[in-house]
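The lines below spell out each chain.
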Amino acid sequence: MSETFEKLGIGNELIARLQQLSITKPTNVQEKVIPLILENKNILFQSETGTGKTFAYLLPLVQRFSEDFKEPNGKVKLIIASPTYELASQIKSQLKIISDVKSILLIGSSPLNRQIEQLKEKPQVVIGSPQRILELIHLKKLKIDQVQTLVLDETDRLLAKELRESTEGLMERLSYKVELIGNSATVNAYTQKALQQARLEAAETEAKENHLEENFKEYIDNTAMELILLPPEDILRKRICHQALFAERREKIDILRSYIHAVNPDKMIVFTSRSDQIQNITSKLRYKKINCEGLSAKSDKKERKSIIDRFRSGKTQILITTDLVARGLDINNITHVVQLDFNENEDFFIHRAGRTARAGKSGINMVIGDQIELEKYARLEKKLGITVYPKILYKGKIAAPDEGE
């Protein structure tokens, strides 16, 4: 990397704030994306987890809106949609680090009336779930006539089946002139096509409403999106050690407990696909005096924030959660990820594994699986070009199979 933040167009005030975080050089994705956003381009960019995607769009947007953000009673200029409370809260925290702009978190798990009261304080940045943002727009409590940019953070999740209708509805309510920025660690052909189609439909609707169908080409031109695919930094292969432990399904929690005692991780995330198992896993580990907490979508907002804060600070050693809750979770110094069940969907696997080895560090991704799951793991190993190291528990330690003979 040869660029500096200054050369990319980021001002001294923002650079000074970054230096307080010991951030002195832009990452690859920031080098590519910052100039395009400063030029007001519509972009969809893909970059691996842990490469600095959030600052890649926040820095140029804060720079561009710096004068607007100084207005004491300004209007909403920026909306950032996120698939989960945790990611939205994290984005808000990162924005607060680099800017004093007034922002608001609009999430479905919080009381609607309270959010309506908070909107009276004139925030200029809205961060939250597309469902709740759209609901407040429909209620005419959130004014969007001055919005200049919409960010879809984790675009693939926002356009997945359960969130797509709300995300598309949000795009339809905004003017076709609003800049659109999408990002994800995984961008497939479906995501690109769905995003472009939603933009075209929103533009067509606005053209008809304004009786400008004959000038529809202008609308189409304004929906064009630039796709930025960053070459993989190979974090999955170069900085993450992938391992496998065999366990029958009924023995998995016991094997997990033994594994934790063997590695004594600084910070570990344990993934399960079943939210109804989080309490069971947490209770059995705590019974064995293991410092852990469970995080599920059923936890209320305050409880979820408290759990994540304790895990982030190191007061909690192990976090047990699901894919939905941990989506995009950016916490430093996670040394181990454990997948207590195996999802052969490579996007899920990548997002899970990518919670470790962030910010240039290395980490371990362990799958604890039965015979069927480990066979699926072997197929994914070939597909992703990773190397999986089989392990056993031997005399209280993690060992290669031949070491236990």
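These remarks concern the structure in this document. The structure displayed is predicted, hence computed values, not measured ones. Here, residues in each chain are numbered from 1, in the same order as that chain's written sequence. Two thresholds apply to this predicted model, a pLDDT of at least 70 for residue-level local features and 80 or more for giving and counting side-chain atom pairs, whereas whole-chain, interface and lining totals are computed over all residues. Remark: hydrogens and water are excluded; side-chain values derive from all non-hydrogen atoms of the structure.

## Brief notes about helix 10 (residues 161-173)
Now for step 1: Think of it in three bands: residues with accessible area under 20% of the maximum for their type are buried, residues over 50% are exposed, and the middle band is partly exposed, with areas taken using a 1.4 Å probe on protein chains only. Runs of E in the DSSP output that reach at least two residues are strands. Runs of H or I that reach at least four are helices, and both are numbered from the N terminus. Residues of helix 10 that are buried: Leu 163, Ser 166, Thr 167, Glu 168, Gly 169, Leu 170 and Met 171.
Now for step 2: Structurally, helix 10 contributes buried residues whose contacts are with strand 2 (78-81), helix 8 (130-138), strand 5 (149-153), helix 9 (155-158), strand 6 (179-184) and helix 11 (189-209). Any two residues whose heavy atoms approach within 4.5 Å at even a single point are treated as in contact.

## Section: a positive patch on the surface
Now for step 1: Only residues above 30% relative accessible area that lack a salt bridge enter a patch, with like-charged residues linked at up to 9 Å and the nonpolar side chains Val, Leu, Ile, Met, Phe, Trp and Tyr linked at up to 5 Å. Accessible surface is estimated by sampling points in the Shrake-Rupley manner with a 1.4 Å probe; for residues, cover comes only from the protein chains shown. One speaks of a salt bridge when a side-chain nitrogen belonging to Lys or Arg is within 4 Å of a carboxyl oxygen belonging to Asp or Glu. For this count, His and the chain ends are skipped, Lys and Arg are scored as positive, and Asp and Glu as negative. The atom standing in for a charge is NZ when the residue is Lys, CZ when it is Arg, CG when it is Asp and CD when it is Glu. A cluster of basic residues, Lys 75, Lys 122, Lys 140, Lys 141, Lys 143 and Arg 173, forms a positive patch at the surface.
Now for step 2: Checked against the element boundaries, Lys 141 lands in the loop between helix 8 and strand 5.

## Thoughts on the packing of aromatic side chains
Now for step 1: Note on aromatic contacts: the rings of Phe and Tyr and the six-membered ring of Trp form a pair at centre separations within 6.5 Å, being stacked when their planes are under 30 degrees apart, edge-to-face when over 60 apart, and tilted otherwise. Taken as a whole and judged by the stated rule, the model has four aromatic pairs.
Now for step 2: Centroid distance Phe 342 to Phe 349: 6.1 Å. Interplanar angle 65°. Geometry classified as edge-to-face.
Now for step 3: With relative accessibility at 0%, the residue Phe 349 sits in the buried group.
Now for step 4: With centroids separated by 5.2 Å and ring planes inclined at 40°, the aromatic side chains of Phe 342 and Tyr 377 adopt a geometry described as tilted.

## Some remarks on the sheet that holds strand 7 (residues 226-229)
Now for step 1: When DSSP locates at least two bridges between a pair of strands, those strands are taken to pair. Taken in spatial order, the seven strands of this open sheet run 3-4-2-5-6-1-7, and their pairing is parallel. Two strands bound the open sheet, and with one partner strand each, they are strand 3 (103-106) and strand 7. Across the sheet, the mean angle from the axis of one strand to that of its neighbour is 15°, orientation sign disregarded. Structural elements are reduced to axes, namely lines fitted to C-alpha atoms, with helices fitted over the stretch in contact, and the angle between N-to-C directions of any two is expressed from 0 to 180 degrees.

## Examining helix 8
Now for step 1: Among the residues of helix 8, those classed as buried are Pro 130, Arg 132, Ile 133, Leu 134, Leu 136 and Ile 137.
Now for step 2: Just beyond helix 8, the residue with positive phi is Lys 140, at close to 65°.

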